[in-house]
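Fold and contact review
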Amino acid sequence: MHVLAVLGCALSLVSLVSLLSPGVADEQCPPPCSCSSLGDARGTRVDCASRGLRSLPALPRLTRSLLLHNNSLASIPSGALDGLGLLQELNLSHNPWHCDCRLLYLRLWLEDAAVAALAPLRCASPAALRMRALQRLTGNELGPCKRLLPTKCLQFFWRDLVLIAGAIISLVLAACATTRCLNNP
Ligand SMILES: *[C@@H]1O[C@H](CO)[C@@H](O)[C@H](O)[C@H]1NC(C)=O
Ligand SMILES: *[C@@H]1O[C@H](CO)[C@@H](O)[C@H](O)[C@H]1NC(C)=O
């Protein structure tokens, strides 16, 4: 009984300490990256540079410094950086950014929070925008986002139409087979 009580006490003490101590990541370090505490400053330094990343990893909420340079990132999902309230240092250079309307989120976020990190970013694609600075693109060059939705909707519309037509034809054929209208007209 004594052993259990002492063990339980020790466990709750450990979890209390890890909750209270600043700078300790309260979430996992994303696998290809390495994380370190930033000394007396609150927050974590997350080093994901040169890891061959094609997408943004799940980041600790207390990320203060984020290194993502020299990867294969083409875009950052809309909203992905919004939860990182402590983020101060960010390096996104040397990535093959695909400059279309989906990159608008990143540009606006950087304009607000980290202009220094925006300045070196260059587009890798589409061909017409290759090597252009993301910071200098106009709204027109980033592509009209509205066009994305109707194309997708139209695809779904035709796919649904084909499915519905297929279902109706099978129903008619099944009805015909049961009433033998095909065999005995
Ligand atoms: C960039 O990353 C690759 C691995 O993805 C590595 O081999 C290369 O050395 C890195 N280049 C620089 C300049 O760090
Ligand atoms: C980002 O990293 C590159 C190395 O790839 C370095 O030359 C550059 O100074 C860094 N930029 C910022 C804003 O820290």
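Residues numbered from 1 in each chain as written. Chains lettered and ligands numbered in written order. Predicted model: local features only at pLDDT ≥ 70, side-chain atom pairs only at ≥ 80, totals over all residues. Heavy atoms only, no water.

**Looking at the overall build of the protein**
Within the protein, the secondary structure is distributed over 4 helices and 6 strands. Starting at the N terminus and walking to the C terminus, you meet the elements of the protein as α-β-β-β-β-β-α-α-β-α. Of all 185 residues assigned to the protein, the portion counted as buried reaches 28%. Look at the contacts in the protein between residues 6 or more apart in sequence, and 40% of them connect residues 24 or more apart. For the protein, the computed accessible surface area is about 12,300 Å², with 64% contributed by carbon and sulfur atoms. (Helix = DSSP H or I, 4+ residues; strand = E, 2+ residues; numbered from the N terminus. Buried < 20%, exposed > 50% of the residue type's maximum accessible area, 1.4 Å probe, protein only. Contact = heavy atoms within 4.5 Å. Areas by Shrake-Rupley, 256 points an atom, 1.4 Å probe, with all protein chains shown as cover.)

**Thoughts on the site of ligand 1**
As a matter of local geometry, ligand 1 sits amid Ser-50, Gly-52 and Asn-70. Between an oxygen atom of ligand 1 and a side-chain N or O atom of Asn-70, the distance comes to 2.4 Å. (Near = heavy atom within 4 Å. Polar contact = N/O pair within 3.5 Å; in protein donor to acceptor, adjacent residues only side chain to side chain.)

**Regarding the sheet that holds strand β3 (residues 63-67)**
The mixed open sheet is built from 4 strands, whose spatial order is β1-β2-β3-β4. Bordering the open sheet on either side are β1 (34-37) and β4 (89-91), each of which pairs with just one other strand. Neighbouring strand axes in the sheet, compared pairwise and without regard to direction, differ in orientation by 20° on average. (Pairing = 2+ DSSP bridges. Axes fitted to C-alpha atoms, helices over the stretch in contact; angles between N-to-C directions.)

**Some words on the UniProt feature "domain: LRRNT" (unreviewed entry) in the protein**
Per the UniProt entry, the sites bearing "domain: LRRNT" (unreviewed entry) are residues 28-65 in this numbering. End C-alpha atoms of residues 28-65 are separated by 16 Å, and the span's content is 0% helix alongside 29% strand. (UniProt positions renumbered as here; feature names shortened; annotations may be inferred.)

**Observations regarding the nonpolar core**
Judged by nonpolar contacts, the single largest core of 31 residues is most densely connected at Trp-97, Cys-99, Leu-106 and Leu-110. Per-element accounting of this core gives the leading share, 4 residues, to helix α2 (residues 104-113). (Core = buried A, V, L, I, M, F, W, Y, C linked by side-chain atoms within 4.5 Å.)

**Comments concerning the pattern of salt bridges**
As enumerated under the stated definition, the model contains 5 salt bridges in all. Here Arg-102 makes a salt bridge to Asp-100, at a shortest N to O gap of 2.5 Å. Notably, a salt bridge pairs Arg-132 with Glu-141, separated by 3.1 Å at the nearest N-O pair. What makes Glu-141 partly exposed here is its relative accessible area of 29%. (Salt bridge = Lys/Arg side-chain N within 4 Å of Asp/Glu carboxyl O.)

**Quick notes on the pairing of β3**
Along β3, 5 of the 5 residues are buried, which leaves the element largely enclosed by surrounding structure. Pairing between strand β2 (residues 44-47) and β3: 4 bridges, direction parallel. Each bridged residue has a counterpart across the sheet, and for Asp-47 the counterpart in β3 is Leu-67. With 3 bridges joining them, β3 and β4 adopt parallel strand pairing.

**Here we look at the environment of Arg-122**
Take Arg-122: it is sitting in the loop between α3 (115-118) and β6 (123-125). Separated by 26 residues in sequence, Arg-122 and Pro-96 have C-alpha atoms that sit 7.7 Å apart. If we ignore the near neighbours within four places in the chain, the residues touching Arg-122 are Asn-95, Trp-97, Met-131, Arg-132, Ala-133 and Leu-134. Polar contacts involving the side chain of Arg-122 include one to the main-chain carbonyl oxygen of Met-131, which spans 3.0 Å.

**Quick look at the site of ligand 2**
The immediate surroundings of ligand 2 are formed by His-69, Asn-91, Ser-93 and His-94. Asn-91 places a polar side-chain atom, nitrogen or oxygen, 2.3 Å from an oxygen atom of ligand 2. His-94 is positioned such that a nitrogen or oxygen atom in its side chain is 3.4 Å from an oxygen atom of ligand 2. Summarising the interface, the protein chains cover 48% of the accessible area of ligand 2, which totals 360 Å² for the free molecule.

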